[in-house]
Amino acid sequence: MSGDHALEWLRREGRIVIVGASLAGLRAAETLRKEGFAGSLTLIGDEPHEPYDRPPLSKQVLLGHASADHTELPRRRGLDAQWRLGVAATGLDMAARRVRLADGDEVEYDRLLITTGVRARPWPHPAEAELDGVFVLRTRDDAARLHRRLAASPRRVLVIGAGFTGSEIASACRERGLPVTVAERGAAPLVGALGGVIGQVAAELQRAHGVDLRCGIMVTGLEGDSAGRLRRAHLSDGTTLDTDVAVVSLGATRNTEWLAGSGVGAGPRGIACDAGCRAFDIRGIVTDDIFVAGDVARSPHAIFGYQFLSLEHWGNAVAQAETAAHNMISSSSERRPHLWVPAFWSSQFGVNIKSVGVPSLGEEVIVAQGSLADHRFTGVYGYQGRVIAAVSFDQTKWLEFYQRQIETAAPFPPEYSSVDRRPEGLRPVPADFPDPSLPTHGPSVTVSGYSPTDQRITFTPARA
Amino acid sequence: MTQDTLLRQITDYANRADPYPLYTELRKKPVRQEGDELFVVSTYWEIKSLLHDPRISSDARNLSPGAAGTLLQEEEASPLPPAFLRLDPPEHDRLRRMTMRPFGPPETPRRVNGMRGELARIVDGLIDGFGDRKQVDIVDDFSYPFPVTVICRLLGIPREDEARFHAWADTIAAGLDPDPGGDPGEQRRATHEARTELGMYLSGLIDERSGAPGDDMLSALVTQHGPDGRMTRMEVLSTAALLLIAGHETTVNLITNGTLTLLRNPDVLERLRDDSRLAVPLVEELLRFEPPVQLLPQRTTLADIDIGGTTIPKGASVWLVLAAGNRDPKRFPDPDRFDPDRPDIQHLGFGSGIHNCFGAPLARLEAQLALTALAQRLDAPRLVEDPPPYRQNAVLRGPRHLNVSFDGLRS
């Protein structure tokens, strides 16, 4: 009974604070209001802008088809919220239920939602990263800066890293007619996300569109002139490349440093939470009042063996935010699990790429429909005899079917006949993902003490 | 009531005016076996899932001999090869892409919207043509001539030939009606003759356009050299015939059904008259509530498929009853209510998946403009009879006539 009263009180006049004013934060706030939360709502964001949409930044904005200033996310309803924009959260006091802000202020909450997302991983050499002409692309301001530079017709653009963002940037540059070199450490573009077999198709696409694609290579240094302008890049094969723009696309770092020492189970790989979006503390115990959603969350997924997944997907941010918001103001029996099947899309070199499931779990891949040579196909990934993911190049309309196959743990390889199955699609081949034993992030939690009552768990921030 | 009689009742003309109670009955079992090799699917999620299932073929050649029946004979007898509607990938994808090139994005993103002014002029011209009359047949005087004029202009059919088209298209569309009570031999013969004549006419037009291409779609289909190469002459013929017929029969019913629904819901009609922006959600709801294509009878299975508690065996004929799925209470709350304010309206009116209606953007715009113009210009419109007389066709369902009286025209 008292629990019901507490919930009733929370919904009526409680204080909810959302740290992270981007897609997930905004959608969560909207869901809270939609589901009847009438208390005070505060959104905290370190950027000065209202929530905006990121997918256009690496596509339409770089092409000049859309302005970086005009990517605001549409509002579904009035929020009646307090906005604290342009001020970062710097700390959290779990016991006192208080968020500390960079301007010295503190904000109290009854429920906290963390949606701080990720930021672009910077070039590892700070002095080189400072050179005029070295860019990253994550925020609206990044996109505006890079667009201005591309519009000034640089002699050559170097894209460092051929993941999705890097490949989209290279595509936009080619569409603008700019010479582009892409340097990728792996054997092919998109290899970490989709494996080497599909990566080869991505490589063909890049080369067919005039990209100077160099794989199996690292950029070892960026060199500037006396005025601090980027002039050339040094590559691990001993060659140099004259370039005046380099875009660092080496993935993302999760924004969790502000939680160091707070007791929340946060680290470089995100904030661990349960399937209901409730954050774990560093002891592995689920919290009742702290929730997580979006890119910064790591949650166990029932369909994928309860593995903790962290996803940088637009659709995941929306779905998880809605689930988190619902659960924040619901009793335990009304809570819902976040069961969203991972899905993302990309548009590059005139091809629409879309994936469902978790391709990187795949051991084998089969071309279930279409043909790799046509650059128009659906690849299906298998893991331990079941379908675990699918990716399509210009064939998105079949993906709903494969999503259902993933959800129902359908057997792999598929044995049925289907339309557009070609000879190459009769047998699966190894998906060819990079060796997972390559260096990764170290442990971030250590246990001290011997007897159960003495044992303490300590969070040790690791370098991303 | 046996399963067999349920399907027979749906195709029975007596139930044409209101098949929805039958659909409700049908949905009690998501997948129903009708006879040996015919399966009828009537619930939203099952239909949606089959529309995205690569184990489903649109190519009649994949039917088992037993399920094929007259359908296959009809295909073989046709003088034109199957259009992309009746093909599977990769041929389907290639032809559809090549047809899309002069019609829509990415190559021609503004084609449909660029016709907005012309469409509005055609609509106004037709309404002006009502003259001093205080009663018109919305079908003959408005919702039929409008899309027919549009598709002829789009394809580049000379205006003086439009009348001949109506006759051919009527016959061919009637041939799509799987009327179990009709005479299949006679129906086939008439369809065959109409297709042959249409083919010969189009063939002549193609010769003309190859030499002197215009800005129309037929010229584009004949002359294009895209990444997919070019269409053969027979492919152009099939494609043009498909567009012509699809452009004829479906939008007519959408507009007529829309007019009927608005007259049955005068409050919505009034809202539309005062705010033309309502036309967009209203047409979406219409596509859910009274879809012009009620069911897709031309799919077959390439493998055994377990769905809705039934195994549909390989080679079976599958009918997807879109109109029943659109009113599935498991998908849409209060589904039998016409409500243009629904926030969530992912209807099946245009199908889904790779065969998702090619002409949807054009059909939407035509219906939005047509219904708005009627709402704004007819003074105090009312139905003369309800229900109106319907066409024979159970697949492409709509009134044959829709007599509407009114006090006069507003300018």
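Residues numbered from 1 in each chain as written. Chains lettered and ligands numbered in written order. Predicted model: local features only at pLDDT ≥ 70, side-chain atom pairs only at ≥ 80, totals over all residues. Heavy atoms only, no water.

Caption draft 1: Local environment of the overall build of chain B. For chain B, the helix and strand inventory stands at 17 helices and 12 strands. Here the C-alpha atoms of chain B give a radius of gyration of 21 Å, agreeing with the 22 Å that 2.2 N^0.38 yields for 411 residues. Of all 411 residues assigned to chain B, the portion counted as buried reaches 57%. For chain B, the proportion of contacts with a sequence separation of at least 24, taken over those separated by at least 6, is 75%. Approximately 16400 Å² of chain B is accessible, and the part contributed by carbon and sulfur atoms is 52%. On chain B, the mean spot of the 48 positive side-chain charges and the mean spot of the 61 negative ones are 3 Å from each other. (Helix = DSSP H or I, 4+ residues; strand = E, 2+ residues; numbered from the N terminus. Rg over C-alpha atoms; globule rule 2.2 N^0.38 Å. Buried < 20%, exposed > 50% of the residue type's maximum accessible area, 1.4 Å probe, protein only. Contact = heavy atoms within 4.5 Å. Areas by Shrake-Rupley, 256 points an atom, 1.4 Å probe, with all protein chains shown as cover. Lys, Arg positive; Asp, Glu negative; His and termini not counted. Charge placed at Lys NZ, Arg CZ, Asp CG, Glu CD.)

Caption draft 2: Main features of the overall build of chain A. The number of helices and strands found in chain A is nine helices and 31 strands. Its C-alpha radius of gyration of 23 Å places chain A within 12% of the 23 Å reference for a compact globule of 464 residues. If you line up chain A on its principal axes, its C-alpha atoms span 65 × 65 × 55 Å. Counting only residues that meet the buried cut, chain A has 54% of its 464 residues in that class.

Caption draft 3: Broad picture of the environment of Ala 29 of chain A. Residues and elements named next belong to chain A. Mapped onto the fold, Ala 29 is located in helix H2 (residues 23-34). As for Ala 29 and Ala 81, which are separated by 52 residues in sequence, their C-alpha atoms are 8.3 Å apart. Not counting the four nearest positions on each side in its chain, Ala 29 is found in contact with Ile 18, Leu 41, Leu 43 and Leu 79.

Caption draft 4: Quick look at the nonpolar core. Residue and element names in this part refer to chain B. Ranked by size, the top nonpolar core spans 87 residues in total, and within it Phe 142, Phe 146, Ile 157, Leu 198, Leu 202 and Leu 282 carry the most contacts. Looking at this core, the element that brings in the most residues is helix H13 (residues 233-264), giving 14 residues. If near-sequence neighbours (up to four positions away) are discounted, Leu 202 is found in contact with Ile 157, Phe 165, Leu 237, Ala 240 and Ala 241. (Core = buried A, V, L, I, M, F, W, Y, C linked by side-chain atoms within 4.5 Å.)

Caption draft 5: Layout of the packing of helix H15 (residues 279-289) of chain B against helix H17 (residues 360-377) of chain B. Residue and element names in this part refer to chain B. Where H15 contacts H17, the two axes come as close as 9 Å, and the packing angle between them is 115 degrees. The orientation of H15 relative to H17 falls into the category roughly perpendicular. Pair H15 / H17 crosses with right-handed handedness. The segment H15 lies against H17, with Ala 279, Val 280, Leu 282, Val 283, Glu 284 and Leu 286 engaging Arg 364, Ala 367, Gln 368, Leu 371 and Thr 372. Across the contact of H15 with H17, the residue classes tally to seven nonpolar, two polar and two charged. (Axes fitted to C-alpha atoms, helices over the stretch in contact; angles between N-to-C directions. Parallel < 35°, antiparallel > 145°, perpendicular 65-115°, else oblique. Left-handed = near helix turned anticlockwise from the far one by under 90°. Nonpolar A, V, L, I, M, F, W, Y, C, P; charged D, E, K, R; others polar.)

Caption draft 6: Molecular detail of the confidence of the model for chain A. Averaged over chain A, the pLDDT score is 92; the fraction of residues at 70 or greater is 93%. Confidence over residues 460-464 of chain A falls short of pLDDT 50; this stretch has 11 contacts with residues more than four positions distant or in other chains. (pLDDT = per-residue confidence, 0-100.)

Caption draft 7: Fine view of the sheet that holds strand S4 (residues 89-93) of chain A. Residue and element names in this part refer to chain A. Taking strand neighbours across the sheet as the criterion, the three strands line up as S4-S5-S6 in an open arrangement whose pairing is antiparallel. At either end of the open sheet lies a strand with only one pairing partner, and these are S4 and strand S6 (106-108). Strand-to-strand twist of the sheet, defined as the mean angle between neighbouring strand axes without regard to direction, takes the value 25 degrees. (Pairing = 2+ DSSP bridges.)

Caption draft 8: Spotlight on the pairing of strand S28 (residues 386-393) of chain A. All names here are of chain A. Counting buried residues along S28, eight of its eight residues qualify, which places the element largely inside the surrounding structure. Bridge analysis of strand S25 (residues 351-357) against S28 gives five bridges, and the strand direction is antiparallel. Bridging across to S28, Ser 355 finds its partner in Val 391. Direction of pairing for strand S27 (residues 376-383) relative to S28: antiparallel, over a ladder of seven bridges. Within the sheet, the bridge partner assigned to Tyr 383 lies in S28 and is Arg 386. Here S27 folds back onto S28 in antiparallel fashion, the turn holding two residues, of which Gln 384 has a positive phi close to 50 degrees.

Caption draft 9: Main features of the packing of helix H10 (residues 162-174) of chain B against H13 of chain B. Residue and element names in this part refer to chain B. Their axes nearest at 10 Å, the elements H10 and H13 cross at an angle of 85 degrees. Of the possible angle classes, the one that applies to H10 and H13 is roughly perpendicular. When H10 is examined against H13, the residues Phe 165, His 166, Ala 169, Asp 170, Ile 172 and Ala 173 are found in contact with a partner set consisting of Leu 244, Ile 245, His 248 and Glu 249. Residues of the contact of H10 with H13, tallied by class, amount to six nonpolar, two polar and two charged.

Caption draft 10: Molecular detail of the interface of chain A and chain B. Every contact between the two is made by 14 residues of chain A and, on the other side, 19 residues of chain B. With a shortest N-O distance of 3.3 Å, Lys 48 of chain B and Glu 400 of chain A are connected by a salt bridge. Connecting chain A to chain B are four residue pairs in polar contact (both at pLDDT 80 or more). Of the residues assigned to the side of chain A that touches chain B, the class counts are five nonpolar, four polar and five charged. (Salt bridge = Lys/Arg side-chain N within 4 Å of Asp/Glu carboxyl O. Polar contact = N/O pair within 3.5 Å; in protein donor to acceptor, adjacent residues only side chain to side chain.)

Caption draft 11: Up close: the side chain of Ser 58 of chain A. Residues and elements named next belong to chain A. Within the secondary structure, Ser 58 is located in the loop between strand S2 (40-45) and helix H3 (60-63). Within polar-contact distance, the side chain of Ser 58 engages the side chain of Glu 168 at 2.5 Å. Once residues lying within four places of it in the same chain are set aside, the contact partners of Ser 58 are Leu 137, Glu 168, Ile 169 and Ala 172.

Caption draft 12: Structural detail: helix H9 (residues 399-407) of chain A. Residues and elements named next belong to chain A. Of the positions making up H9, those classed as buried are Leu 399, Phe 401, Tyr 402, Gln 405 and Ile 406. Axial view of H9: buried residues confined to an arc of 155 degrees, hence all on one face. Against the buried residues of H9 lie S25, strand S26 (364-371), S27 and S28. Following H9 by one or two positions, Ala 409 adopts a phi angle in the positive range, close to 50 degrees. (Arc of directions from axis to C-beta.)

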